Structures are given as C-alpha cells and as structure tokens.
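Breakdown of the fold
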Amino acid sequence: MTVRQVPWARHASHLLVVDAAGLTLVDLAHESVDVEEVRNEAGEPRDNVTFGRDAARSLEAVPSPAAVTNRLALLWSAAVAGAIEGTYRLTRDYVNSRHQFGAPLIKIPAVAALLATVKVELVQVDASLARARREMTDEGDLRRATAAVGSARVVSARAATVAARLSHQLHGAMGITAEYPLHRHTTRLWAWRDEAGSELEWATGLGDMALSLGEEGLWDALTN
C-alpha cells in the first residue's frame, strides 16, 4: 500500500493511516517500508510511503475515522488562517509604508479595496473556524460537526487562494523576491489549502450531505 504526501514521514517513527475501514498504525522502521522523499510548494517534506501488511496493525477502541479526519481538517484550516493573517499584516504594512506620488499606497482606492478584500476573507475564515470549534467541542452530532468542519475547510481554501493572489498584486515586484518574507506565507497558503482533503473533496461531501437531507431537512439545518 502507498500513502502519498505524508508530512515529515522521513523523520517519523510511525504513521497513522485513516480511511473508511478504520485506523491503522504503520511502523516506519519495518523492513517493508519505503519512504520516497518529496516536498510541497513551500519546501516542506510531504513524502510518499509504501509499506507491506506486516508493517501495519489495526487499532481498536479509538475515535471513528470521521472524528479523526475532522480534527485534522480543523487544525489545517486553523493553520491556513494563521498564514492568511501573516499575509494580511505584511501586505497592510507594505501599502501603508510604501509611497507613490507623494502618498502611501493605501490612499489609492483600488489598493485599499484589495486590502479590505483580504481582510474580509480572513474574517470569514475565522467565523467558520469558530463555528467548527463549537460543533467539535459540544461532542454532539458527528454529522453536524463534519458539516461545520467541511465548511471551514472550503472557506479557508478559497480564502487562501484569494489572499495569496491579492497580496502578490499589492506588493508588485517586491512580492516575488526571495529576500522579502511574503513567499514564506503565500507558498504555505498554496500548499496547505488542500491538506487533509482538497477543497473539491470537502465541497462534494457537503453537497452530498445537503442532498441526503432533502429540502425540508436542509432548511432546518440552515436555520437552527
């Protein structure tokens, strides 16, 4: 079996594999294990791990696969939010300190509007995270928690794309230099937006859940 894009697998002793069948613990020191070293857009290890059956054992009396996936997805959404905030602060400081035609760039309406768009995206991500945290903390309906986490994952992924694009536009040529720290945020946004499931996968899952509820059930879910 091969598991792709495993964070920091080359430095780990064990790997936890989560799928519909349950949770499996893999001993990465086993002789059947092969780790192919790969890096993501941010230069972080995202390795491909191939292992045999003898290296793996199923875990019992553990949280459900959906519960584990929700926690992982929520953590990655929070990480994306942090990267967006770093991107926003750096861009805000730049357009306030950089002058053109005798005034800061922020005085240009188009610049101010784009910066505000990045801030709005960040606010939306924070709101979706707050909802997902509440649903996870309440330990109530797993379906509601999954829907909230899925929404946070979709919102954060879309916000990552917008924030990275607009911040580079607002920085101009400065934003692509290796010496300037913008790339430390934006490359992570590009890399992290689809961790723990892509935007398409989570959006499809939300759509399937909405269809399964039916019109009345969906309305109740949206208004309660």
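Before reading further, recall that the structure is shown in the block above.
The present account deals with the structure reproduced in this document. Model, not experiment: these values are computed from the prediction.

Parameters at a glance
Residues numbered from 1 in each chain as written. Predicted model: local features only at pLDDT ≥ 70, side-chain atom pairs only at ≥ 80, totals over all residues. Heavy atoms only, no water. Buried < 20%, exposed > 50% of the residue type's maximum accessible area, 1.4 Å probe, protein only. Helix = DSSP H or I, 4+ residues; strand = E, 2+ residues; numbered from the N terminus. Pairing = 2+ DSSP bridges. Axes fitted to C-alpha atoms, helices over the stretch in contact; angles between N-to-C directions. Core = buried A, V, L, I, M, F, W, Y, C linked by side-chain atoms within 4.5 Å. Contact = heavy atoms within 4.5 Å. Parallel < 35°, antiparallel > 145°, perpendicular 65-115°, else oblique. Left-handed = near helix turned anticlockwise from the far one by under 90°. Nonpolar A, V, L, I, M, F, W, Y, C, P; charged D, E, K, R; others polar. Expected span 1.5 Å × (residues − 1). 1 Å grid on protein atoms, 1.4 Å probe; cavity = no way out; pocket = protein on both sides within 12 Å on 5 of 7 lines; lining within 4 Å. Points joined across faces, edges and corners; volume = space filled by probe spheres on them.

As a further point, take the pairing of strand 3 (residues 22-27). Counting buried positions along strand 3 gives 5 out of 6 residues, so the element sits mostly inside the fold. Where strand 2 (residues 14-19) meets strand 3, 6 bridges bridge the pair, whose relative direction is antiparallel. By the bridge assignment, valine 17 is partnered in strand 3 with threonine 24. Bridge count for strand 3 against strand 6 (residues 56-58) is 3 bridges, and the pairing is antiparallel. Within the sheet, the bridge partner assigned to threonine 24 lies in strand 6 and is serine 58.

We now examine the sheet that holds strand 5 (residues 46-50). The strand order across the open sheet built from 3 strands is 1-5-4, with neighbouring strands paired in antiparallel fashion. Edge positions in the sheet fall to strand 1 (2-7) and strand 4 (34-36), since each has one partner strand and no second. Shown here is a sheet whose adjacent strand axes are inclined to one another by a mean of 25 degrees, direction ignored. Inspection of the sheet shows strand 1 paired to strand 5 by 4 bridges, in the antiparallel sense. Within the sheet, the bridge partner assigned to threonine 2 lies in strand 5 and is threonine 50.

Okay, the nonpolar core next. Counting 37 residues, the largest nonpolar core has Ile84, Val95 and Leu189 as the members making the most contacts within it. Counting only elements with at least two residues in this core, the list comes to helix 1 (65-97), helix 2 (109-138), helix 3 (142-171) and helix 4 (182-192). Sequence-distant contacts of leucine 189, that is, excluding residues within four places in its chain, are made with Val80, Ala83, Ile84, Thr87, Ala160, Ala163 and Ala164. Core analysis: the next-biggest nonpolar cluster, separate from the first, contains 11 residues, Val6, Leu15, Leu28 and Phe51 among them.

At a minimum axis separation of 9 Å, helix 3 and helix 4 run at an interaxial angle of 150 degrees. On the basis of their axis angle, the class for helix 3 and helix 4 is roughly antiparallel. Seen along the crossing, helix 3 lies across helix 4 with a hand that is left-handed. Counting all contacts with helix 3, which are made through Arg153, Ala160, Ala163, Ala164, Ser167, His168 and His171, the residues of helix 4 involved are Leu182, Thr186, Leu189, Trp190 and Trp192. The class makeup of the residues in the contact of helix 3 with helix 4 is 7 nonpolar, 4 polar and 1 charged.

Moving on: the sheet that holds strand 3. Spatially, 3 strands are ordered 2-3-6 in an open sheet, and the strand pairing comes out antiparallel. Each edge of the open sheet carries a strand with a single partner, namely strand 2 and strand 6. Across the sheet, the mean angle from the axis of one strand to that of its neighbour is 25 degrees, orientation sign disregarded. In the packing of helix 1 onto the sheet, the strands contacted are strand 2 and strand 3, and the crossing angle to strand 2 comes to about 115 degrees.

So, on to helix 2. Since one α-helical turn is 3.6 residues long, residues separated by three or four positions face the same way. The first and last C-alpha atoms of helix 2 sit 44 Å apart over 30 residues, in line with the 44 Å expected at 1.5 Å per residue. Residues of helix 2 that are buried: Val111, Leu115, Val118, Glu121, Leu122, Val125, Ser128, Leu129, Ala132 and Glu135. For helix 2, the secondary structure elements touched by its buried residues are helix 1 and helix 3.

Right, let's talk about the layout of surface pockets for a bit. Leftover empty space is mapped by rolling, across the atoms, a probe with the size of a water molecule. Size it by volume and the largest pocket reaches roughly 1100 Å³. Looking at the largest pocket, it is lined by 39 residues, and the ones nearest its centre are Gln5, Leu72, Glu195, Ala196 and Gly197. Where the lining of the largest pocket is concerned, the elements lending two or more residues are strand 1, strand 2, helix 1, helix 3, helix 4 and helix 5 (199-223). Take the lining of the largest pocket: its biggest share by element is 6 residues, from strand 2. For the lining of the largest pocket, the class distribution of residues is 21 nonpolar, 10 polar and 8 charged. Empty space within the second largest pocket amounts to approximately 440 Å³. Lining the second largest pocket are 17 residues, and of these Arg131, Ala147, Ala148, Ala221 and Leu222 sit closest to its centre. Looking at the lining of the second largest pocket, the elements that each hand over two or more residues are helix 2, helix 3 and helix 5. Residue contributions to the lining of the second largest pocket peak at 7 residues, all from helix 5.

Note that all results are geometric; they support no functional claim without further evidence.
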